[in-house]
Amino acid sequence: MPISAPEADLLEIRGLVAGYGKIVVLHGVDLAVRQGEVVTLLGANGAGKTTVLRALSGLLPRGGGSIRFAGAALPPADPRAAVRAGIAHVIEGHRVFTQLPIADNLLLAGYDLSGATRRARVEEALAEFPELAARRHERAGALSGGQQQMLAVAQGLVRRPRLLLLDEPSAGLSPVLVDRVLTVLRRLRAAGVAVLLVEQLIEKALGVADRVYALARGRVVLEAATDAPDLPARLERAYLGEVSG
Ligand SMILES: Nc1ncnc2c1ncn2[C@@H]1O[C@H](COP(=O)(O)OP(=O)(O)O)[C@@H](O)[C@H]1O
Ligand SMILES: [Mg+2]
C-alpha cells in the first residue's frame, strides 16, 4: 500500500490565525501545497504574506488553526521542527553574512549536516549559480544586492528541502537574475521540490507557478490554477478589494 497518494497535499494550512502581540494579522488562512507544486502567494503590501511564511516556518507563534506537513502535524513556534520536517525559509531581504566568504555562508546553512554531506550539498547549490561558484572564496559583502539574494536562495537549497519558502526573491534583482531564480524554481519542481513563492512581480510569479492564492487583509480572497482563463479579472478584483474594501 502506498504511504501517501500522489495527489496528497504536502502542506495543509487550516484556519491559521497569527499576528504580533495583540495585533491579529491572519484571520483564518487556508492554504495547501502539493508535492512538486509551485504555489504563489500574492497580495498588496501589508496583506500578511510574510506573516504566513513566518507562522509556517515556526518563527511566529500561532493564535489558532493547524498545519499538517508531509502527513504529520507541524508543531507551532518551533523553527527547528520545521527545518527537520524539510521546510526551508528564505526570508525577506538578502540576509547573508557579508564578512564571510560565499562558500562559508553555504556551509553555515547546512550546520547540522555531516561534513561530507554538507560539502556535497554546497557544491549542489553552487552548481545552480555559476556566478557564485566562480567567486566562492570572496566575501559575500563583495556581491551585488541581487547576487546576495541568489546566495540567500542557494542557502535554502543546501538543505535540499521538501518545501522551499521564498519571500520576494526578486526584490533588488536585475531582470536577468530574476529569470535565473525562476529557472531554478522550475528545476526544483521537476525534482519534486514544492515551492511557496511570495512575489511582487505578479506576471513573473504566475508564469512559474501552478496555482495562486491572493491574500487581502489576512484573508484568502482568491485561489485558482494559474491557467484559469478568468484569472486576470479575478486577480484584479482581489487587488481592488484590498484597496477599496
Ligand atoms: N514585527 C511586526 N510587529 C507588528 N506588526 C507587524 C510586524 N510585522 C508585520 N506587521 C504587520 O502585519 C501586517 C502584515 O504584514 P506582512 O505579513 O509583513 O505583510 P506582507 O508580507 O503581505 O507585505 C501589516 O499590517 C504589518 O504592519
Ligand atoms: Mg512581506
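A quick note: this is a predicted structure, and the numbers were derived from the prediction, not measured.

Undergrad: Break down the sheet that holds strand E2 (residues 23-34) for me, citing the residues and quoting the values.
TA: Backbone hydrogen bonds are what pair the strands of a sheet, in a parallel or an antiparallel way. Reading across the sheet, the four strands line up as E2-E1-E4-E5 and stay open at both edges, with antiparallel pairing between neighbours. The open sheet has two edge strands, E2 and strand E5 (72-73), and neither has a second partner. Summarising the sheet, strand E1 (residues 9-20) and strand E4 (residues 64-69) pair through five bridges and their orientation is antiparallel. Opposite Val17, over in E4, you have Gly64 as the bridge partner.

Undergrad: Give a description of the packing of helix H3 (residues 102-109) against helix H6 (residues 145-158) that names residues and reports values.
TA: Two elements in contact, H3 and H6, have axes whose closest approach is 8 Å; the angle formed by their N-to-C orientations is 40°. For the element pair H3 and H6, the recorded crossing hand is right-handed. From H3, Ile102, Asn105, Leu106 and Ala109 reach across to H6, where they touch Leu151, Ala154, Gln155 and Val158. Here the residues of the contact of H3 with H6 sort into six nonpolar, two polar and no charged.

Undergrad: An account of the pairing of E1 is requested, with residue identities and associated values reported.
TA: The two faces of a sheet get side chains in turn, since along a regular strand they alternate between them. Of the pairings in the sheet, the one linking E1 to E2 comprises nine bridges and is antiparallel in character. Pairing of Ala18 across the sheet is with Leu26, part of E2. Linkage of E1 to E2, two consecutive antiparallel strands, is achieved through a turn of two residues, within which Gly21 is found at a positive phi near 60°.

Undergrad: Explain the packing of H3 against helix H4 (residues 115-128) to me, and be specific about the residues and the numbers.
TA: Running from N to C, H3 and H4 cross one another at 120°; their axes reach a closest spacing of 9 Å. As summarised for this structure, H3 and H4 are arranged oblique, according to the angle between their axes. Like other packed secondary-structure pairs, H3 and H4 cross with a definite hand, here right-handed. Between H3 and H4, the residues in contact are Ala103, Leu106 and Leu107 and Arg118, Val122, Ala125 and Leu126, respectively.

Undergrad: Any chance you could break down the nonpolar core for me, citing the residues and the numbers?
TA: Formed by 73 residues in total, the largest nonpolar core has its most connected members in Ala154, Leu165 and Val195. Per element, the largest residue contribution to this core is seven residues, and it comes from H6. If you count residues domain by domain, this core takes at least three from each of domain 1 (1-86 + 164-169 + 194-245) and domain 2 (88-160). If near-sequence neighbours (up to four positions away) are discounted, Val195 is found in contact with Val38, Leu164, Leu166, Leu185, Leu188 and Arg189.

Undergrad: Summarise the site of ligand 1; cite the residues concerned and give the values.
TA: Taken together, Tyr20, Ile23, Val25, Gly43, Asn45, Gly46, Ala47, Gly48, Lys49, Thr50 and Thr51 make up all the residues around ligand 1. For the shell around ligand 1, the element with the highest residue contribution is helix H1 (residues 49-56), accounting for three residues. Here the residues of the shell around ligand 1 are counted per class, giving four nonpolar, six polar and one charged.

About the thresholds
Residues numbered from 1 in each chain as written. Chains lettered and ligands numbered in written order. Predicted model: local features only at pLDDT ≥ 70, side-chain atom pairs only at ≥ 80, totals over all residues. Pairing = 2+ DSSP bridges. Helix = DSSP H or I, 4+ residues; strand = E, 2+ residues; numbered from the N terminus. Axes fitted to C-alpha atoms, helices over the stretch in contact; angles between N-to-C directions. Left-handed = near helix turned anticlockwise from the far one by under 90°. Contact = placed C-beta atoms within 7 Å. Nonpolar A, V, L, I, M, F, W, Y, C, P; charged D, E, K, R; others polar. Parallel < 35°, antiparallel > 145°, perpendicular 65-115°, else oblique. Core = buried A, V, L, I, M, F, W, Y, C linked by C-beta atoms within 7 Å. Buried ≥ 20, exposed ≤ 12 C-beta atoms within 10 Å, placed from the backbone. Domains from an automatic or database assignment. Near = placed C-beta within 6 Å.

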